[in-house]
Structure formats: structure tokens, C-alpha cells
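Okay, here's what each chain looks like letter by letter:
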Amino acid sequence: MTSILKKTEQDFLAFVKKIEDYEQAVSLLAWDARTGTPKKGVSQRAEVYGTLSTAVFEMATSKEMGTYLEALTEKNVQAELSPLTPKVVQKCQEKYDRYINIPQDEYQAYMTLQGQSEAVWQEAKQKADFELFRPNVEKMIDFQKRFANYYDPKAHVYHTLLDVYEPGVFTDTLDKVFAELREALVPLVQAVTTSAVQPNIDRLLQPFPKEKQRALSEAMLREIGYDFDAGRLDEAAHPFAIGLNPNDVRVTTRYNEQDFRTALFGTIHEGGHALYEQNVSKDLLGTPLCQGTSMGIHESQSLLWEKFIGKSKPFWERNYELLKKHAAGKFDQMSLDEFYFAVNKAEPSLIRVEADELTYPLHVILRYELEKGLFAGEIAVKDLPGLWNEKMAEYLGIRPAHDGEGVLQDTHWAFGLFGYFPSYALGYIYAAQLKEALVKDVPNLDETIAAGNYAPIHEWLRTNVHQYGAAKKPVDIIRDVTGGGIDPTPLIRYLDEKYRRLYQV
């Protein structure tokens, strides 16, 4: 490597690290906004968020970045670079191409709107008033359409948005996979719902003080291997995990004193996200590769821990006594078998983040179909509440009483995250595929979980998924682990076997 090329590489990596430092500051503002920003501080915070986000945007699409990319993308040059650098270059090139044609003032206006919209969404949800939030959704959609057109005016807008969260997965694949899921799950939900065998969940719905739930949540995070020296647990209206870097990955949850399952399984879910981020290779620090490779792979990690492990019989054989310790006698008269059936109760419900394993994919499919219709021009924003309620009735047999428990329940559209929702169902599919592969390598998995020996699971996930961060494409992770592509069959098989056995149908 010539001295000039070496200096160019070093300068490029230093410039990228500067961008990542700003990105961490933006992420910290986002975390603070969702966990405790005073109401009167929202407007100013949104401006600060917009300013810093725009600074990131400017650097990522600057003439300086363009010069680096031009110099480092030549084939004869890439062969001379350090092994990691070409992947960093590729990641920066993807972002550069996506945003280079967006006017800076438009991007800043978009980020400021994003900073304001969550507060509007929270108020609208509290008042169950979609009309209060509708103008923000319309503005967000308008921004997304324009941005997608700047990137590729010939591409389908929704395809462009999907590609942000799950590269290479478009509506043709989603339509096929989701149709298979819907056709398998709708009749299974009906069979389970009408079965004569039903669990008794009365004991689950006893008052459970928030303070005791927090202690239980912390204990569960420690149980699954979350490192509190590299994170923290906080409360949020909509639970999330956020990774600033592998040494600072924060988890939030939401407490419901009348139903402890909301926080318990929500915490395990977000803990799964956090375990991914905490175990990305430290070699990737200071680069855009030091994060999850896609939203679908990220969801596979949270759902693997929440559902395939956290709702399994072996997990509760180990942890039921821990739960009873924090519940102050509430479950002393409930057997392990009764508890296991109760926490795996499947029934149509209104809230996605509280949905059971069986009905969860239908919540995601509903959102996907609405988003696809919005960007195809087939659905108007004003019609979302009514269409939402109709699809809930069609797929789950229930209808929201108001918009707060219907179209306003998720915060994603406040941030302009259109194309994100399909990742939840893809993540569930990936999780089932990964679980089947995991069992082949750890054949005594149930005994391992029951003993609380999660080391083989952590090592397998670290080796096959976590360590790579975004340096390995999602399609390559799934192919290398499973030998194939996206396949809903393992998930359908898992749900069919588990729920027919539990409900004796």
C-alpha cells in the first residue's frame, strides 16, 4: 500500500468515526426524548435533534465523503485496503447514494418534524384522537415519497422504503410469505379460540406493583445474560432498546400493574435486541457496521428470547420460583403447568406488543397491507382508522373500541418508519429458522435452558449472528445458518404443534 493510499484510508476511517460520534449523540437524544423529556422541552429538543441529525446528513453526503468513496471504490485499490475497510466503504456508499440528492433544508425539516411528532402521537393516543395525529402522518408520507423519488424515481416507493430495513426483500416475497402465514394461522386461531380446553388466567391479572415488576424485569435481564455494566433499564410509553455502542445498550419497558406480562415479556423481548448489540464485535466500533445488520435479523433475536425461550416450558421450570419470589405469594397456589398454559394463552387481542405467539404475525400483516396501500395510492390517511378496524375484525375477530387501542397504538409512523413493520414478521420467521438450526448444534437445548446454562446459546448466536454486526448481509446470515432463504414453514410448524398440543385441537 502506498503512503498516499494509507493516509486516505486512515483519514476516511477518522471521518467515518466522527459521523458515528454524532450518530451516538443523536441516539442519546432520541432515548432521552422517549424516557423523560419534560413536555415544555419537546419543541427545543426537536430543533436540537434536527440540527444534529442534519449535521450527520451533511457529513454523510458531503463532497469530502464523495471524494473518499471515489478514491476507495476502485477494484485495484480495494485489494490494498485493510480487510474491514471495503465493507465500511460499501456501507457509506449505500447511505451516500440514498441521500445525496435530498436537499439539506428538506432533510432538516423532516428531522425536526420527526422530533415533534412523537409528542403529538402520545397526546393523540392518550385522547384516542387520530385526527390530532393525521397531519403529521400525511407530512411524513409526503417526505418519504419525495425522498424515495430523489433516490430512484423509477422504483416503487414502498420497495425503496422496505429496502432500508430489510435489504433485498420486496412486496413479491412478502406477499407470498405473508399469505402462507395468514392462511395457516387464521383457521388455527379460530380452532384454538373455540376449543373446550382453555387456560385460567385469573391469577395472572392480580395487581402487581410497578416496583416489584421492575425488580423482576432486572432479574430476568440478568438471567438471560444482559450486561448491566453496558446498559440500563428505564420506562417508556412504547418499549424499545437502543444501542449507542456495544458498551452502552439501553433497554426500556412498560409496566401494567394489572397485567405483569406486559413488562415481563416486553423486557425479555427488548433484552434480546440488547444482547445482539452488546455482542457485536468491538472491532467494528467507530464504523456504521457496529450495529444490527437489518431490522428482521434484529427482531429474530428479540423474538427468539421472548417467545422461543422465554415462553418455553424449560425456561419456566427454572424461573417460576424466581417469579413467585417477586410476586409476593400471588402464584403460590398455581402449579407450574397451570402457569405455563396461562402465559401461553392464545386469543385475539388488540395490542401488537402484547399479542401472543399465535396471533402476533396477523398484527404485522395488517400493518403491512395498510402501508402498501398508502404508498400505492389506494388508501388515504384519513381512512386508516376504519380500515384498521375492519382488518382486525377480519383477521382476529375483534374490533377496537377507539383509536388509542387501534390505529394509534404504535409509535413508528411518528418517526416516519414506513416499511419497518414487515421486519417484525420476517424476524419471527427468521427466529424459527434459527431455532431449528440451533437445536441441531445444541441438541439438548431444553435441558440447557432448564439448567440456566445459556452459554451455548450465547456462543452460537455470537458466532453465527452477533459478531458480524452489519458487516454481513441478512440474506447471507440466513443462508449460511440454514442453507436456504426465507421460509415460513418452521414457524408454521412450531405454532401448529405447540398450540394444538396445548389446546388439544
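The rules we used
Residues numbered from 1 in each chain as written. Predicted model: local features only at pLDDT ≥ 70, side-chain atom pairs only at ≥ 80, totals over all residues. Heavy atoms only, no water. UniProt positions renumbered as here; feature names shortened; annotations may be inferred. Helix = DSSP H or I, 4+ residues; strand = E, 2+ residues; numbered from the N terminus. Rg over C-alpha atoms; globule rule 2.2 N^0.38 Å. Buried < 20%, exposed > 50% of the residue type's maximum accessible area, 1.4 Å probe, protein only. Contact = heavy atoms within 4.5 Å. Areas by Shrake-Rupley, 256 points an atom, 1.4 Å probe, with all protein chains shown as cover. Lys, Arg positive; Asp, Glu negative; His and termini not counted. Charge placed at Lys NZ, Arg CZ, Asp CG, Glu CD. Pairing = 2+ DSSP bridges. Domains from an automatic or database assignment. Buried area = accessible area lost by both parts, 1.4 Å probe. Polar contact = N/O pair within 3.5 Å; in protein donor to acceptor, adjacent residues only side chain to side chain. Expected span 1.5 Å × (residues − 1). Bend = angle between axes of the 7 residues up to and from the residue.

If you check an unreviewed UniProt entry, the chain appears there as Metal-dependent carboxypeptidase from Shouchella lonarensis. Quoted verbatim from the Catalytic activity (unreviewed entry) field of the UniProt record, the comment on the chain reads "Release of a C-terminal amino acid with broad specificity, except for -Pro."

Caption draft 1: Quick peek at the overall build of the chain. Of regular secondary structure, the chain possesses 21 helices and three strands. Taken over the C-alpha trace, the chain has a radius of gyration of 23 Å; the compact-globule value for 505 residues is 23 Å, and the two agree within 12%. Counting only C-alpha atoms, the chain reaches 75 × 50 × 45 Å along its principal axes. Taking all 505 residues of the chain together, the buried fraction comes to 54%. Put simply, of all contacts in the chain between residues at least 6 apart along the chain, 75% involve residues at least 24 apart. Within the structure as shown, the chain displays about 21000 Å² of accessible surface, and the carbon and sulfur contribution to it stands at 49%. Taking the average location of the 57 positive side-chain charges in the chain and that of its 73 negative ones, the two points are 2 Å from each other.

Caption draft 2: Looking closely at the environment of Trp 413. Relative to the assigned elements, Trp 413 resides in the loop between helix H16 (384–396) and helix H17 (422–441). In this structure, the C-alpha to C-alpha distance between Trp 413 and Lys 91, residues 322 residues apart in sequence, is 25 Å. In contact with Trp 413, other than residues within four places in its own chain, are Phe 133, Met 140, Glu 371, Leu 384, Trp 388, Val 407, Phe 418 and Phe 421.

Caption draft 3: Representation of the pairing of strand S2 (residues 241–245) within the structure. With four bridges joining them, S2 and strand S3 (residues 248–253) adopt antiparallel strand pairing. Opposite Ala 241, over in S3, you have Val 251 as the bridge partner. If you look at the hairpin formed by S2 and S3, you'll find two residues sitting between the two strands.

Caption draft 4: Local environment of the domain arrangement of the chain. Taken domain by domain, the chain holds domain 1 (3–100) and domain 2 (202–346 + 442–472). Relative to domain 2, the C-alpha centre of domain 1 lies at a distance of 31 Å. When the buried area of domain 1 at its contact with domain 2 is split by residue, Trp 31, Arg 34 and Lys 91 rank highest and sum to 39% of it. Scanning the region where domain 1 abuts domain 2 turns up one residue pair in polar contact (both at pLDDT 80 or more).

Caption draft 5: Seen up close, helix H12 (residues 295–309). Between its terminal C-alpha atoms H12 stretches 20 Å, which fits the 21 Å expected from 15 residues at 1.5 Å a residue. Its axis deflected by about 35° at Leu 303, H12 carries its strongest bend there. Burial analysis of H12 places 14 of its 15 residues in the buried class, which makes it a mostly covered element.

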